[in-house]
Amino acid sequence: MGYAEALHPARREKIWQTAIKYLVRMDVVMRDGWPFPGREQFAVAVAYLHLQLSGDKEKAKYWIELFDAQRISLLHHQEWFRKWYEEVKRVVGDGYVADLNP
């Protein structure tokens with residue numbers, strides 16, 4: 001049994017809604033400061049969280065395309081980050097995954 005399943009349903013729902021609320025806030029902060037050096041990697045995180053929390057493929061696609069436009073090598077990031085990127089691209093992309101070589 002996972003952590004989420006162990007929670008009381010009302011508590012689990014409150015945590016879920018809070019996470020989505022902060023994801024919406026992050027969208028606003030990111031849009032206001034885009035492009036801002038050092039924030040590019042957060043675009044992948046926001047895209048991934050949109051898929052995981054709300055299932056919003058359009059917002060996930062929006063953020064992953066902004067990241068791709070920066071042309072940053074994925075080799076500059078940890079393996080978990082590359083997996084998040086690849087998952088988003090698999091779900092919302094055209095099957096293209098950015099070249100891992102700089």
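If you're wondering where the values come from, they're calculated on a predicted model, not measured in any experiment.

Asks: Looking at this structure, how should I read the overall build of the protein?
Replies: In terms of regular secondary structure, the protein is built from 5 helices and 0 strands. When the helices and strands of the protein are listed from N to C terminus, the series reads α-α-α-α-α. The buried share of the protein, taken over its 102 residues, is 29%. Of the contacts made within the protein by residues no fewer than 6 positions apart, 53% connect residues no fewer than 24 positions apart. When the accessible surface of the protein is split by element, carbon and sulfur atoms take 55% of a total near 6,900 Å².

Asks: I tried to follow the confidence of the model for the protein on my own but got confused; where do I start?
Replies: Mean pLDDT over the protein stands at 83; residues scoring 70 or higher make up 84%. When mean pLDDT is taken per element in the protein, helix H5 (residues 79-92) scores highest with 94 and helix H1 (residues 3-6) scores lowest with 62.

Asks: Sorry if this is basic, but what is going on with helix H4 (residues 57-69) here?
Replies: One turn of an α-helix holds 3.6 residues; hence residues three or four places apart share an orientation. Here H4 is 13 residues long and its end C-alpha atoms lie 18 Å apart, about the 18 Å a rise of 1.5 Å per residue gives. Directly beyond the C-terminal end of H4, a positive phi value near 55° is found at arginine 71.

Asks: Explain the packing of helix H2 (residues 9-32) against helix H3 (residues 40-54) here, please?
Replies: Helix-helix packing is described using two parameters, namely the angle between the two axes and the distance between the axes. Across the interface, H2 lies against H3 with an axial gap of 11 Å and an inter-helix angle of 145°. Like other packed secondary-structure pairs, H2 and H3 cross with a definite hand, here left-handed. Between H2, through Trp16, Ala19, Ile20, Leu23, Met26, Asp27 and Met30, and H3, the contact on the second element is made entirely by Phe42, Ala43, Val46, Leu49, His50, Gln52 and Leu53. Its residues assigned to classes, the contact of H2 with H3 shows 11 nonpolar, 2 polar and 1 charged.

Asks: Explain the environment of phenylalanine 81 here, please?
Replies: When you line up the elements, phenylalanine 81 lands in helix H5. When near neighbours in sequence (up to four residues on either side) are disregarded, phenylalanine 81 contacts Gln41, Val44, Phe67 and Leu74.

Asks: For this particular structure, what's the right way to read H2?
Replies: Look at H2: 35 Å from first C-alpha to last across 24 residues, which is about the 34 Å you get at 1.5 Å a residue. Those residues of H2 not exposed but buried are Leu23, Asp27 and Met30. Here the buried face of H2 lies against H3 and H4.

Asks: I tried to follow the packing of H3 against H5 on my own but got confused; where do I start?
Replies: Here H3 crosses H5 at 55°, and the two axes come no closer than 9 Å. On the basis of the axis angle, H3 is oblique to H5. Between H3 and H5 the crossing geometry is left-handed. The segment H3 lies against H5, with Gln41, Val44, Ala45, Ala47, Tyr48 and Leu51 engaging Phe81, Trp84, Tyr85, Glu87, Val88, Val91 and Val92. For the contact of H3 with H5, a count of residues per class yields 11 nonpolar, 1 polar and 1 charged.

Asks: Whenever I open this one, a positive patch on the surface confuses me. Can you help?
Replies: A cluster of basic residues, Arg11, Lys14, Lys21 and Arg25, forms a positive patch at the surface. With respect to the secondary-structure elements, lysine 14 resides in helix H2. On the accessibility criterion, lysine 14 (53% relative accessible area) is exposed.

Rules of the game
- The written sequence of each chain sets the order in which its residues are numbered from 1.
- Local features in a predicted model are, by the rule used here, given only for residues with pLDDT of at least 70; side-chain atom pairs are given and counted only at 80 or more, and totals for whole chains, interfaces and linings are based on all residues.
- Only hydrogens and water are set aside when side-chain values are computed; all heavy atoms of the structure are taken into account.
- Helix and strand definitions follow DSSP, with helices as H or I runs of at least four residues and strands as E runs of at least two, each counted in order from the N terminus.
- Note on classification: 1.4 Å probe, protein chains only; a residue is buried when its accessible area is under 20% of the maximum for its type, exposed when over 50%, partly exposed between these limits.
- Whether two residues touch is decided by their heavy atoms; if any such pair falls within 4.5 Å, the residues are in contact.
- Only the protein chains shown count as cover for residues, and the accessible areas themselves come from Shrake-Rupley with a 1.4 Å probe.
- A residue's pLDDT is the predictor's confidence in that residue, given on a scale from 0 to 100.
- How far a helix is expected to stretch is found by multiplying one less than its residue total by 1.5 Å.
- Convention adopted: a line fitted to C-alpha atoms gives each axis, helices being fitted over their contacting stretch, and angles between N-to-C directions are expressed from 0 to 180 degrees.
- Two helices that cross are described as forming a left-handed crossing if the nearer one is turned anticlockwise from the farther one by less than a right angle, and a right-handed crossing if clockwise.
- Here the term charged refers only to Asp, Glu, Lys and Arg, the term nonpolar to Ala, Val, Leu, Ile, Met, Phe, Trp, Tyr, Cys and Pro, and the term polar to all other amino acids, Gly among them.
- For classification purposes, angles smaller than 35 degrees are called roughly parallel, those larger than 145 roughly antiparallel, those between 65 and 115 roughly perpendicular, and all remaining angles oblique.
- A patch is a set of surface residues, each over 30% in relative accessible area and not in a salt bridge, joined within 9 Å for like charges and within 5 Å for the nonpolar side chains Val, Leu, Ile, Met, Phe, Trp and Tyr.
- The rule for a salt bridge is simple: a side-chain nitrogen of Lys or Arg has to be within 4 Å of a carboxyl oxygen of Asp or Glu.
- All tallies of charge rest on Lys and Arg as positive and Asp and Glu as negative; His and the ends of each chain are not included.
- By convention, charge coordinates are those of NZ in Lys, CZ in Arg, CG in Asp, or CD in Glu.

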